Number of protein chains: 2
Amino acid sequence: MSFSVSILATGSELLDGRVLDTNSNFVAKELAQLGLKLKRILVVDDDMPELLDGLRSLSAVSELVITSGGLGPTSDDLTRDLIARFFKVGLTEFPEARSHLENFYRARGRALDPSNLKQAILPVGSTMIHNERGTAPGFLMTGPGGGTHQVTTCSLSGVPREFTNMFIQSVLPLIKSRAGATTVIKRSSFRTFGLPESIVGRRIEECALPSTISVSYRAAFPEVHVVLKAPEGIDLEGPSQQVRAALNRGAIYAERPDQTLIETVHTALRASSATVATAESCTGGLMAYQLTELPGSSDVFMGSVVAYDNRIKHGVLHVSQDTLSQHGAVSAAAVREMAQSVRSLMGTTYGVAISGIAGPGGGSTEKPVGTVYVGLSGPKRSFEVGFTFVSDRKMVRTYAAHAALDLLRRELNGLEIPDTYPLSGGTLAPKA
Amino acid sequence: MSFSVSILATGSELLDGRVLDTNSNFVAKELAQLGLKLKRILVVDDDMPELLDGLRSLSAVSELVITSGGLGPTSDDLTRDLIARFFKVGLTEFPEARSHLENFYRARGRALDPSNLKQAILPVGSTMIHNERGTAPGFLMTGPGGGTHQVTTCSLSGVPREFTNMFIQSVLPLIKSRAGATTVIKRSSFRTFGLPESIVGRRIEECALPSTISVSYRAAFPEVHVVLKAPEGIDLEGPSQQVRAALNRGAIYAERPDQTLIETVHTALRASSATVATAESCTGGLMAYQLTELPGSSDVFMGSVVAYDNRIKHGVLHVSQDTLSQHGAVSAAAVREMAQSVRSLMGTTYGVAISGIAGPGGGSTEKPVGTVYVGLSGPKRSFEVGFTFVSDRKMVRTYAAHAALDLLRRELNGLEIPDTYPLSGGTLAPKA
């Protein structure tokens with residue numbers, strides 16, 4: 001098996017909900033960079049039988065067990081005792097640990113409390129791990145594990161800023177050297193919007209990729225992210241091309257694993273020296289808020305009119321009373337006028353408008369909750385798209401803002417605006 | 001021992017770092033409300049030997065094991081098989097599960113893919129748990145565990161919004177009835193904004209509450225929540241009064257544990273038959289978005305002008321060129337004009353304006369990154385408050401919108417607007 005790493009996280013605060021365990025996720029992400037996956041994560045209470053039982057079960061299936069927490073000076077900090085008992089060794093004061101503690105307090109002008117000296121007492125035969133951000137030193141120890149193999153334990157402070165620093169400084173280099181035989185993994189990422197996960201999955205299955213390529217999907221509402229992985233030496237470019245072709249019509253908005261839709265939209269606006277303004281009803285300003293997430297947004301975003309009440313749609317955005325009475329505020333006609341009006345009011349290249357029924361009230365048979373119209377007014381053309389996204393208020397609003405951003409991206413990048421825009425979970429709303 | 005609950009969370013995405021496990025923390029918090037603490041949390045891969053080994057170890061120490069994930073339609077969704085193998089029963093299609101799936105797809109106008117029908121096949125003898133937010137039904141099963149006692153498993157979808165809903169609807173009532181012998185705990189909740197956690201803590205410490213009262217704090221940025229707990233038979237009203245007096249000057253915006261600041265603001269607006277409009281710069285529409293979170297927002301919220309660019313501040317909101325050139329767009333003078341202007345444009349009772357430097361660029365010595373001005377224009381008076389909140393872009397924007405909402409709450413409820421508004425982490429910005 002490949003080099004196997006597990007985490008034993010300890011502490012009442014993780015089991016009574018006061019603290020969310022982010023250390024395990026941090027380690028998981030770091031290991032993924034090396035092509036490794038965590039074997040198990042176990043959270044147990046500060047209680048010696050529980051700790052011993054947990055450490056035994058993890059060491060039976062892992063070469064390395066990282067412990068998080070339990071290194072403080074109080075009576076419920078048991079990790080030093082745990083490791084000594086597990087490996088059947090004694091405890092002793094480490095001079096380098098003591099001088100770290102003394103220096104730490106001296107540098108902060110604080111007196112060293114005798115109780116803190118407990119933190120300088122480590123298992124005999126262990127190697128101290130320096131903690132440059134806190135008092136508690138960590139330690140490494142290797143010996144017979146619960147299975148037939150040797151196991152190494154790395155005991156780190158549970159405080160996230162100390163844990164992450166100690167992990168990067170002292171544990172990661174060890175994992176890299178020990179997992180040296182591990183295959184390097186190449187990966188391709190595709191971030192998509194507009195296709196339901198089931199269709200993304202089916203189209204990629206139909207590619208019949210070689211079995212050496214692993215495919216994983218993640219529904220990151222309202223997006224679907226796909227990652228292809230291949231061991232070194234296996235062609236990944238061919239399969240990636242197949243996936244690009246299968247998810248055609250612009251569903252992929254980014255191939256950088258951390259690139260957001262907003263970044264793609266900003267880049268496209270900058271590339272065309274274009275600016276945008278929004279006119280929003282049901283989203284209440286969410287699209288504007290997202291367009292200003294990034295520093296320097298004022299290069300491409302001028303502003304927005306949130307016209308929540310119909311009086312504002314008419315009074316500020318000049319949507320005609322005829323349109324409001326004949327078609328209603330949630331209609332292609334209304335978002336057409338809103339988009340044109342905000343574009344002209346703010347003097348931008350593009351105007352984008354959103355009007356919909358976020359619910360839970362306000363729906364009707366022809367226009368159920370989740371009906372949303374998006375209008376785009378631009379230098380080349382104007383168009384409107386309507387869809388129904390059946391969900392709760394928060395998700396309808398999130399989906400609507402995302403769809404509007406995606407339509408702007410498609411228009412800027414010269415991509416198709418499908419007549420039946422296949423919004424995930426959405427169906428096309430009636431025109432007009 | 002008290003009723004013992006563990007969690008088995010499954011999925012590659014938890015072990016390779018793509019997803020942070022928030023479901024366990026959610027359960028831990030809910031149990032804490034009942035005076036219970038989770039026994040163990042174990043995360044394992046979608047792999048049958050790992051799943052079986054994990055479930056056995058948890059069921060040996062727990063009366064209830066909640067599984068999270070593995071209920072989807074694909075080949076790596078193993079939870080149904082796991083439970084059937086663990087209890088040594090077969091699998092069968094549940095008609096109620098099938099009709100749930102059929103209704104779910106029909107309501108969304110989508111075709112039911114045959115692969116989805118796998119989700120209707122549940123262990124023989126289990127009880128279906130309804131999933132009103134997604135396709136995969138969950139299920140409950142009771143039988144001999146890994147130890148000497150009976151164990152119940154509750155298998156829920158791993159998608160957080162489905163997991164939390166299924167837990168609250170179906171698992172929590174079960175836990176409450178099974179854990180009946182647990183001591184009843186009374187609690188008082190105080191949700192505060194505007195005081196740093198350290199000051200909240202010190203003021204409550206100075207109350208010298210009886211040792212039978214436990215106090216817990218939670219920093220829910222940008223708020224601080226305080227909970228007092230007492231066992232039944234111990235007076236909680238006296239200590240609660242002490243805390244109310246200690247956190248005076250309107251810092252407590254709610255005493256219902258789940259009441260948001262937006263709800264408090266909406267209630268106060270309705271009580272005064274008042275409406276509000278916002279004019280936003282650095283927050284980009286965030287305050288408007290938050291004011292429209294709740295259904296029926298149009299009773300109290302009319303709309304917003306997001307004037308991100310100075311041309312929009314002048315052209316749409318008529319902020320004078322004199323103000324912009326002499327004081328700048330981030331100034332008390334600018335937000336005063338913005339608030340008045342949007343109030344008059346939208347015909348509302350109140351206008352609230354926000355302008356600031358969210359960063360990371362744009363700061364100066366007099367107005368560093370994090371400098372924010374909030375202006376309020378109302379029927380009784382108008383005022384401006386400036387502060388500097390040193391943090392990153394996202395947190396500055398979150399804090400600014402929250403501070404503006406809180407100032408509106410204070411004005412509506414006739415509370416003091418302190419001259420040195422003690423914003424947590426914030427200092428008062430220069431006037432003008």
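Before reading further, recall that the structure is shown in the block above.
Residues numbered from 1 in each chain as written. Chains lettered and ligands numbered in written order. Predicted model: local features only at pLDDT ≥ 70, side-chain atom pairs only at ≥ 80, totals over all residues. Heavy atoms only, no water.

**Q** Could you give me a rundown of the overall build of chain A, with the residues and numbers involved?
**A** Across its full length, chain A holds 14 helices and 18 strands. Taken over C-alpha atoms, the radius of gyration comes to 28 Å for chain A, far larger than the 22 Å a tight globule of 432 residues would show. The burial tally for chain A puts 59% of its 432 residues in the buried class. Counted over contacts in chain A with a minimum sequence separation of 6, partners at least 24 positions apart contribute 67%. Of the roughly 16800 Å² of accessible surface on chain A, 51% is carried by carbon and sulfur atoms. Charge-centre separation for chain A: the mean point of 42 positive side chains lies 3 Å from the mean point of 42 negative side chains. (Helix = DSSP H or I, 4+ residues; strand = E, 2+ residues; numbered from the N terminus. Rg over C-alpha atoms; globule rule 2.2 N^0.38 Å. Buried < 20%, exposed > 50% of the residue type's maximum accessible area, 1.4 Å probe, protein only. Contact = heavy atoms within 4.5 Å. Areas by Shrake-Rupley, 256 points an atom, 1.4 Å probe, with all protein chains shown as cover. Lys, Arg positive; Asp, Glu negative; His and termini not counted. Charge placed at Lys NZ, Arg CZ, Asp CG, Glu CD.)

**Q** Go over the sheet that holds strand β12 (residues 252-254) of chain A, please, and point to the residues and values.
**A** Residue and element names in this part refer to chain A. Taken in spatial order, the 4 strands line up as β10-β11-β9-β12 in an open sheet, and their pairing is antiparallel. Two strands lie at the open edges of the sheet, namely β10 (214-220) and β12, each paired on one side alone. On average, each strand axis in the sheet is inclined to that of its neighbour by 35 degrees, with strand direction left out of account. Strand direction decides the pairing type here: strand β9 (residues 185-192) and β12, joined by 2 bridges, are antiparallel. Considered in β12, the bridge of Arg-191 is made with Ala-254. (Pairing = 2+ DSSP bridges. Axes fitted to C-alpha atoms, helices over the stretch in contact; angles between N-to-C directions.)

**Q** Break down the pairing of strand β13 (residues 276-280) of chain B for me, with residues and values.
**A** Residues and elements named next belong to chain B. Of all the 5 residues making up β13, 5 are buried; the element is thus mostly covered by neighbouring parts of the structure. Going residue by residue along β13, you find Val-276, Thr-278 and Glu-280 tucked away on one face and Ala-277 and Ala-279 tucked away on the opposite face as well. In the sheet, β13 pairs with strand β14 (residues 301-307) via 5 bridges, with the strands oriented parallel. Residue pairing across strands places Glu-280 opposite Val-306, the latter belonging to β14. As for the winding sense of the linkage, the β-α-β connection from β13 through helix α10 (residues 286-291) to β14 is right-handed. Bridge count for β13 against strand β15 (residues 350-356) is 5 bridges, and the pairing is parallel. Its bridge partner lying in β15, Thr-278 is registered against Val-352. (Right-handed = clockwise from strand over helix to strand, strands pointing away.)

**Q** Run through the pattern of salt bridges, naming residues and quoting values.
**A** Per the counting criterion, the structure on display carries 37 salt bridges over all chains. A salt bridge links Glu-50 of chain B to Lys-39 of chain A, with the nearest nitrogen and oxygen atoms 3.9 Å apart. One end of the pair, Glu-50 of chain B, is in helix α3 (residues 48-61); the other, Lys-39 of chain A, is in the loop between α2 (23-33) and β2 (41-44), on a second chain. A salt bridge links Arg-191 of chain A to Glu-223 of chain A; the nearest nitrogen and oxygen atoms lie 3.9 Å apart. Remark: Glu-223 of chain A occurs in strand β11 (residues 223-231) and Arg-191 of chain A occurs in strand β9; sequence separation between them is 32 residues. (Salt bridge = Lys/Arg side-chain N within 4 Å of Asp/Glu carboxyl O.)

**Q** Tell me what's going on with the interface of chain B and chain A, and back it up with residues and numbers.
**A** Residue-level contacts link 62 residues of chain B with 66 residues of chain A. Interface area for chain B against chain A, summed over the two sides, is near 5400 Å², with a carbon-plus-sulfur share of 56%. If you sort the residues of chain B by the area they bury against chain A, Leu-15, Arg-40 and Tyr-289 of chain B come out on top, with a joint share of 12%. One can count 9 salt bridges joining chain B with chain A. Two residues, Arg-40 of chain A and Asp-53 of chain B, come together in a salt bridge whose shortest N-O distance is 2.7 Å. Summed over the shared surface of chain B and chain A, the number is 36 residue pairs in polar contact (both at pLDDT 80 or more). (Buried area = accessible area lost by both parts, 1.4 Å probe. Polar contact = N/O pair within 3.5 Å; in protein donor to acceptor, adjacent residues only side chain to side chain.)

**Q** Give me a positive patch on the surface: which residues, what numbers.
**A** A cluster of basic side chains, namely Arg-108, Arg-110, Arg-133 and Arg-161 of chain A, defines a positive patch on the protein surface. Positionally, Arg-110 of chain A belongs in the loop between α5 (95-107) and β5 (121-123). (Patch = residues over 30% accessible without salt bridge, like charges linked within 9 Å, V, L, I, M, F, W, Y side chains within 5 Å.)

**Q** Go over the environment of Ser-24 of chain B with me, naming the residues and quoting the values.
**A** Residue and element names in this part refer to chain B. Its place among the elements puts Ser-24 in helix α2 (residues 23-33). Between the alpha carbons of Ser-24 and Met-128 there is a distance of 21 Å; along the sequence they are 104 residues apart. Contact partners of Ser-24, with chain neighbours within four places excluded, come to Ile-7, Leu-38 and Ile-41. Of the polar contacts made by the side chain of Ser-24, one reaches the side chain of Asp-21; its length is 2.5 Å.

**Q** Any chance you could break down the packing of aromatic side chains for me, citing the residues and the numbers?
**A** Residues and elements named next belong to chain B. Per the stated rule, a full pass over the model turns up 20 aromatic pairs over all chains. Centre to centre, the rings of Phe-26 and Phe-167 are 5.9 Å apart; their planes meet at 80 degrees, and the pair counts as edge-to-face. Highlighted residues: Phe-26 in helix α2 and Phe-167 in helix α6 (residues 160-178), separated in sequence by 141 residues. Residue classification places Phe-26 among the partly exposed residues on the basis of a relative accessible area of 22%. Among the residues examined, Phe-167 registers a relative accessible area of 0% and is labelled buried. (Phe/Tyr/Trp six-rings, centres within 6.5 Å; stacked < 30°, edge-to-face > 60°.)

**Q** Please give an account of the sheet that holds strand β7 (residues 138-144) of chain B that cites residues and values.
**A** Overall, mixed pairing links the 12 strands, which are arranged β6(A)-β7(A)-β8(A)-β3(A)-β1(A)-β2(A)-β2(B)-β1(B)-β3(B)-β8(B)-β7(B)-β6(B) in an open sheet. Strand pairing shows two members of the sheet lacking a second neighbour, β6 (127-129) of chain A together with β6 (127-129) of chain B, which therefore form its edges. Looking at each pair of strands side by side, their axes are set apart by 20 degrees on average, direction ignored. Packing of α2 of chain A onto the sheet brings it into contact with β1 (5-10), β2 and β3 (64-68) of chain A, and relative to β1 of chain A it is tilted by some 165 degrees.

**Q** Tell me what's going on with unusual backbone geometry, and back it up with residues and numbers.
**A** Note that the residue after Phe-221 of chain A, namely Pro-222 of chain A, is joined by a cis bond; omega there is 0 degrees. Relative to the elements of secondary structure, Pro-222 of chain A occurs in the loop between β10 and β11. Cis geometry marks the peptide bond from Gly-359 of chain B to Pro-360 of chain B, where omega comes out at 0 degrees. With respect to the helices and strands, the residue Pro-360 of chain B is situated in the loop between β15 and β16 (371-377). Positive phi is not limited to glycine here, since His-318 of chain B has a value of about 60 degrees. You can see His-318 of chain B is positioned in the loop between α11 (310-315) and α12 (321-326). Since its relative accessible area comes to 57%, His-318 of chain B is described here as exposed.

**Q** Please give an account of helix α8 (residues 237-246) of chain B that cites residues and values.
**A** All names here are of chain B. All buried positions along α8 are accounted for by Pro-239, Ser-240, Val-243 and Ala-246. One face of α8 carries all of its buried residues, which in axial projection span an arc of 125 degrees. In this fold, the buried residues of α8 make contact with β9 (185-192), α7 (197-205) and β11 (223-231). (Arc of directions from axis to C-beta.)

**Q** Go over the pairing of β9 of chain A with me, naming the residues and quoting the values.
**A** Side-chain positions along a regular strand alternate between the two faces of the sheet. Here 8 bridges tie β9 of chain A to β11 of chain A, and the two strands are oriented antiparallel to one another. Residue pairing in the sheet places Phe-190 of chain A in a bridge with Val-226 of chain A of β11 of chain A.

**Q** Outline the side chain of Asn-116 of chain B, supporting the account with residue identities and numerical values.
**A** Its place among the elements puts Asn-116 of chain B in the loop between α5 (95-107) and β5 (121-123). Within polar-contact distance, the side chain of Asn-116 of chain B engages the side chain of Tyr-105 of chain B at 3.0 Å.

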